[in-house]
Amino acid sequence: MITGDIMVLAEWLPRGGFFVWGEQQIKGQVYQFGVTDLKFCLFAWHRPSFYGSFIETIQHKNWTGIYLSPRQALDFFAEPPYIRAVNWQWSEEIIRLREYAPVIKEILAEGRWRPDFAGWQADRRGWRLDWPSDLETGANLPYLSDWTDGIINELIEQNQQVRKCWDELAGQYPLLQSGSNRPPVISDEEEWLEAIGWKRDLTPFRTCLQIIEPSENTPWQLNILLQDQQDPSRLVVWGPAQLEEGTDFQAGEKMPPEWIPHLGRIHQDTKKWIKLIPWLADQKGRSTGIPDRLRTALTEDEAWEFLNSDSLKLAEAGCTVFLPKWWEEIQNLKPKLKIFTRSSIGARHERWLGVEQLVQFDWKLSLGDIELSEHEFRQIAKKNQRLTHIQGKWVKLDPAFLQEVLRFIRKKKTLSLGEALQMYFLSSIPSDGEQPSDFPVMDTGEDTVPVQVELNKQLASMAEQLANVSAIPVEENFPSFRGTLRPYQRAGASWLLFLRRFGLGGCLADDMGLGKTVQWIAYLLKTREENRRLGIKDNPSLLICPTSVLGNWQKELERFSPGLRVYLHYGSQRKKGEAFISSVKGADLVMTTYNLAHLDEEDLRTVEWDCIGLDEAQNIKNAYTKQSMAVRSFEGRHRVALTGTPMENRLTELWSIMNFLNPGYLGSLGQFKTRFVNVIERQREEKDIRRVQRLIAPFLLRRVKSDPAIELDLPEKQERKEYIPLTVEQASLYESILQNMLERLDKTTGMERRGLILSTLTKLKQACNHPALLLKETLPVKPRERSNKVQRLLEMVEELRKEGDRCLIFTQFLGMGQMLQQIIEKELRERVFFLHGGTPRVQRDEMIARFQDRSLVGKEACNIFILSLKAGGLGLNLTAANHVFHFDRWWNPAVENQATDRSHRIGQQRMVQVHKFISPGTLEERIDEMIEQKQDLNQQIVCGGETWITELSTKEIREIFALRKEWIGA
């Protein structure tokens, strides 16, 4: 029960709306009336707010009260929905508001309100109400106009029907919206109300301005047209320079009699045009009552100005302008140069054209379906006109563009095959989201000109095949290749042979495990056959690769091309100077490393190579390293890059490889950055990315294991041996261990001898893995540099992870597993599990479950699993992995196969790739050869593990354990 008087007060808030609160006097003291009681008592009968439930409570000036929006306040003050039983007292402010509120409701209901011209000029959406003459406004309520503006704006926003009507009106009359783009010529409220459609224009015609193109005897002209408001197709021509009242119309439809009383509208609109575009006034003559007469004749420059910009100003101000039909058609017509190649046969042999080969060409200027010869273009350029009538059509030509083309023509006397191909690929049929007019731009230093290339029949056929690999004929016969090439491998080798025919370099970027090595070997053998058949000088080819894969290449070459004469340029005893030149003369292939490519650059540059091949070509991704610059300096008839990751992080890495393959094709590094890298990295536009793809796709063959044509053709399990040489430190440790054993071997017998051999075997294996393992270093320094095995493992794991694959890594040494876990987590920033004999069962089960769960991501996921050979070789199902690494060998095929089968078993849906690491020149290579060559020995090994080695003679042990010096790192 509320007793006593309740005083209700209100205050207008700067944000719009009212703050309302209550006060109650008790024993001479003023207290705030409870806000909850206040809103439910004041709005007890107000259905829209659900009887006060939706009324907002706010804090203002240390008081708690309720907030009423402008429209809620109107309802409240006009018809207060409060409980009558309470003794309400109203502040003077509320008494005045209750006086105005019913009047505002009546004005709105009767539609006696309109947009406020002054508010529109002040950049706000305001409204004017037609107040009764006996009601004083403004003095009593200074915020009255803000309140009424808020009421109407809120009504527009909240009432769907009103909002829809407003949107339709605003769409038809954009001037309703306030904003800085409003035309400056509207200064009269009546004119503005007509312009926004609020007030009906009773003039029966609309005054329009028309520009007429010149004929042989007349210049550009302006006409005034009167357009019937009811029938827009009805037009009457008014004499363009005769605005005085009483002048006759020109020839055409007669003036309707009912229009004559409204002739003053023509003068009004003409003045408006001249106010917008002052130069339209004819300063030579004056007419009584009219400030300026409208010009009739225009110069070419004035006509251009009117068409290009001034007509838009008039249209934005609500004026109707008639332009020639062809003007809209030529707006999107962008002129471009068309280059027509005539021949690609120059001084060099056709088989080795190369991107630097010059091609003969003619050019024309193209504007839609109009093509101008050089002579016609020069004649037009002399006129220096923006609008020109050519071959029966009007065209738009920017004089600055014409001069740019002339400068381009003077500079561009020659065109290389690389430039022609680049422009051809960029101007091919655009992809979705690109405009057909988006032609390539040729950079000539200070100028850029859009250019389209049309190749002659010979080059067009070549370019079409480059853009569509399936169109390249597949060579079926590789007689010198000892082995069977799968269909996609034959296609890859054929693609390289096709590029070689035109002297174009190519990057074979197949996924790891698809056989890039055998494809290049097949290509190399075929080129030697072709050279001999054509009587071409039989120069050696050069293969540059990382040290870690050098041994692997030698083994693959021995296997698939035993007749190929291979010279290994490697090691501390490698030949230099004249001795080097003499050594390579009889070779078919010279192999070396990236490091030596820089150190021995002078020797390697003395030979003109038949083919220069780069394996793991991402090693030259940094264009400014010494080895990258050295590799690019070598001369060769053909260049090939092999890599599964042509681009790891940045587009400039791709440029570096492409610049090796086809020097200059993508321009300089600075030009490539400006045209593509900076744009793509800043804007990430799909069309810019596609442009780069179109440029490189013809010279990059990328196939992935998921391709159906490849996946169906691959075996279920593929084994591969990775031959990875020792570092100098490893070789030194290996030799020291071996000498120590040999000095003691003949002095021991029986179990002591067997123990010495087995302990030495373990130490030699440890030395082949990593020096830190043998030296028992807990935190190895420079783990990559000291072991090529570790280096190669990191490279391969990094590559397979980029492809989304998972792997198992087996080692027989606990210390090696811990070291690899530490190194991989640090270098690749990936979570790595290590399962060994000391792993508790619960932890072991958790590791396996998490590795198998492909749904886990981030820190929860594990994609790299290291296992000790004994603890992880049996009883596990790890089908989430499709790569298996045997980091060190157990020399028992059965044990290794059982370990491999943790991944290669029921449930595996992908091809499993098995990688067996072997250090060439060491016991690892010798024992592997013995296992491969002797099947009976293989059976013995399966039964006896490694103990069979202890039964060999001292001479046999010397031969197996001995270190071959040529495999010691440089």
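Residues numbered from 1 in each chain as written. Predicted model: local features only at pLDDT ≥ 70, side-chain atom pairs only at ≥ 80, totals over all residues. Heavy atoms only, no water.

Caption draft 1: Spotlight on the overall build of the chain. For the chain, the count of helices and strands is 36 helices and 36 strands. Sorting the 970 residues of the chain into buried and exposed places 52% on the buried side. Across the chain, every contact between residues at least 6 apart in sequence was considered, and the portion connecting residues at least 24 apart equals 70%. Counting only carbon and sulfur atoms, one obtains 49% of the accessible surface of the chain, whose full area is about 46,000 Å². (Helix = DSSP H or I, 4+ residues; strand = E, 2+ residues; numbered from the N terminus. Buried < 20%, exposed > 50% of the residue type's maximum accessible area, 1.4 Å probe, protein only. Contact = heavy atoms within 4.5 Å. Areas by Shrake-Rupley, 256 points an atom, 1.4 Å probe, with all protein chains shown as cover.)

Caption draft 2: Region of interest: the sheet that holds strand E35 (residues 883–886). Taking strand neighbours across the sheet as the criterion, the 6 strands line up as E31-E36-E35-E32-E34-E33 in an open arrangement whose pairing is parallel. Sheet topology places strand E31 (717–723) and strand E33 (832–835) at the edges, where each strand pairs with a single neighbour. Averaged over all pairs of adjacent strands, the angle between strand axes in this sheet comes to 20°, irrespective of strand direction. Looking at chain direction, E35 and strand E36 (residues 912–918) are connected through 4 bridges and run parallel. Bridge pairing in E36 places Phe885 opposite His915. (Pairing = 2+ DSSP bridges. Axes fitted to C-alpha atoms, helices over the stretch in contact; angles between N-to-C directions.)

Caption draft 3: Local environment of the confidence of the model for the chain. Here the chain shows a mean pLDDT of 79. Residues at 70 or above account for 82%. Here helix H35 (residues 935–944) stands out as the element of the chain with the lowest mean pLDDT, 38, in contrast to E35, whose mean of 95 is the highest. A low-confidence stretch, residues 345–351 stays under pLDDT 50, and its non-local contacts, those more than four residues away or across chains, total 16 contacts. Confidence drops under a pLDDT of 50 for residues 429–439, and excluding neighbours within four residues, the segment shows 20 contacts in the predicted structure. (pLDDT = per-residue confidence, 0-100.)

Caption draft 4: Spotlight on the pattern of salt bridges. Scanning all chains against the criterion turns up 41 salt bridges. Between Asp588 and Arg532 there is a salt bridge whose closest N-O contact spans 3.8 Å. Within this pair, whereas Asp588 is found in the loop between helix H18 (577–584) and strand E27 (589–593), its partner Arg532 is found in helix H16 (residues 516–534), the two being separated by 56 residues in sequence. A relative accessible area of 3% places Asp588 in the buried class. (Salt bridge = Lys/Arg side-chain N within 4 Å of Asp/Glu carboxyl O.)

Caption draft 5: Geometry of the packing of helix H13 (residues 417–426) against helix H14 (residues 457–467). At their nearest, the axes of H13 and H14 sit 11 Å apart, and the two run at 60° to each other. Here H13 is positioned oblique relative to H14, judged by the angle of their axes. Note that H13 runs across H14; the crossing there is right-handed. The segment H13 lies against H14, with Leu417, Leu421, Tyr424 and Phe425 engaging Leu459, Met462, Ala463, Leu466 and Ala467. When its residues are assigned to classes, the contact of H13 with H14 shows 9 nonpolar, no polar and no charged. (Parallel < 35°, antiparallel > 145°, perpendicular 65-115°, else oblique. Left-handed = near helix turned anticlockwise from the far one by under 90°. Nonpolar A, V, L, I, M, F, W, Y, C, P; charged D, E, K, R; others polar.)

Caption draft 6: Up close: the pairing of E27. Burial analysis of E27 places 5 of its 5 residues in the buried class, which makes it a mostly covered element. Residues of E27 alternate between two faces, with Leu589, Met591 and Thr593 on one and Val590 and Thr592 on the opposite face, all of them buried. Taken together, the 5 bridges between strand E25 (residues 541–545) and E27 define a ladder with parallel strand orientation. Across the sheet, residue Leu543 finds its bridge partner in E27, namely Met591. Of the pairings in the sheet, the one linking strand E26 (residues 566–568) to E27 comprises 3 bridges and is parallel in character. Bridge pairing links Val566 to Leu589 in E27. Following the backbone out of E26, through H18 and into the adjacent parallel E27, one traces a crossover that is right-handed. (Right-handed = clockwise from strand over helix to strand, strands pointing away.)

Caption draft 7: Quick look at the pairing of strand E1 (residues 5–12). Bridging between E1 and strand E6 (residues 87–90) involves 4 bridges; their strand directions are parallel. Residue pairing across strands places Ile6 opposite Trp88, the latter belonging to E6. Direction of pairing for E1 relative to strand E2 (residues 18–26): antiparallel, over a ladder of 7 bridges. Its bridge partner being in E2, Leu9 is matched across the sheet by Trp21. Turn length for the E1-E2 hairpin, with the two strands adjacent in sequence and antiparallel, is 5 residues, and the turn residue Gly16 shows positive phi of about 105°.

Caption draft 8: Quick peek at the packing of aromatic side chains. Under the criterion given, the structure shown has 24 aromatic pairs. Judged by centre distance (5.0 Å) and plane angle (75°), the ring pair of Trp12 and Phe18 falls under edge-to-face. What makes Phe18 buried here is its relative accessible area of 0%. Put simply, the rings of Trp12, Phe18, Phe43, Phe76, Phe77, Trp88, Trp90, Tyr143 and Trp147 touch in pairs and so form one group of aromatic residues. Stacked on the ring of Trp90, the Lys or Arg Arg98 has its end atom at 4.9 Å from the ring centre. Above the ring of Phe478, the side-chain terminus of Lys526 is found at 5.9 Å from the ring centroid. (Phe/Tyr/Trp six-rings, centres within 6.5 Å; stacked < 30°, edge-to-face > 60°. Lys NZ or Arg CZ within 6 Å of the ring centre and 35° of its normal.)

Caption draft 9: Spatial organisation of the nonpolar core. If you look at the biggest cluster of nonpolar residues, it comprises 114 residues, and the most contacted ones within it are Leu421, Leu504, Trp520 and Trp553. With near-sequence residues (within four places) excluded, Trp553 lies in contact with Thr517, Trp520, Ile521, Leu543, Cys545, Met591, Asp615 and Leu642. One finds Val20, Val86, Trp127 and Trp147 within the second-largest nonpolar core, a separate group that totals 40 residues. (Core = buried A, V, L, I, M, F, W, Y, C linked by side-chain atoms within 4.5 Å.)

Caption draft 10: Representation of empty space enclosed by the protein in the model. Under the criterion given, the structure shown has 3 cavities of 30 Å³ or more. A volume near 210 Å³ is recorded for the largest cavity. Surrounding the largest cavity, 19 residues form its lining, Lys516, Thr517, Glu616, Arg720 and Arg792 being those nearest its centre. The set of elements that each furnish at least two residues to the lining of the largest cavity consists of H16, helix H17 (550–560), E31, helix H29 (788–802) and E36. Residue composition of the lining of the largest cavity, by class: 5 nonpolar, 7 polar and 7 charged. (1 Å grid on protein atoms, 1.4 Å probe; cavity = no way out; pocket = protein on both sides within 12 Å on 5 of 7 lines; lining within 4 Å. Points joined across faces, edges and corners; volume = space filled by probe spheres on them.)

Caption draft 11: Summary view of the environment of Gln554. Examined against the element boundaries, Gln554 turns out to sit in helix H17. Each C-alpha atom of the pair Gln554 and Met591 lies 8.7 Å from the other, and the pair is 37 residues apart in sequence.

Caption draft 12: Structural view of unusual backbone geometry. Backbone geometry at Glu616 places phi at a positive 50°, although glycine is not the residue there. Looking at where Glu616 falls in the secondary structure, it is placed in the loop between strand E28 (609–615) and helix H21 (626–633). Exposure remark for Glu616: the relative accessible area of 8% places this residue in the buried category. Despite not being glycine, Lys776 has its phi angle at roughly 55°, a positive value. Within the secondary structure layout, Lys776 lies in the loop between helix H28 (771–774) and H29. On the accessibility criterion, Lys776 (69% relative accessible area) is exposed.

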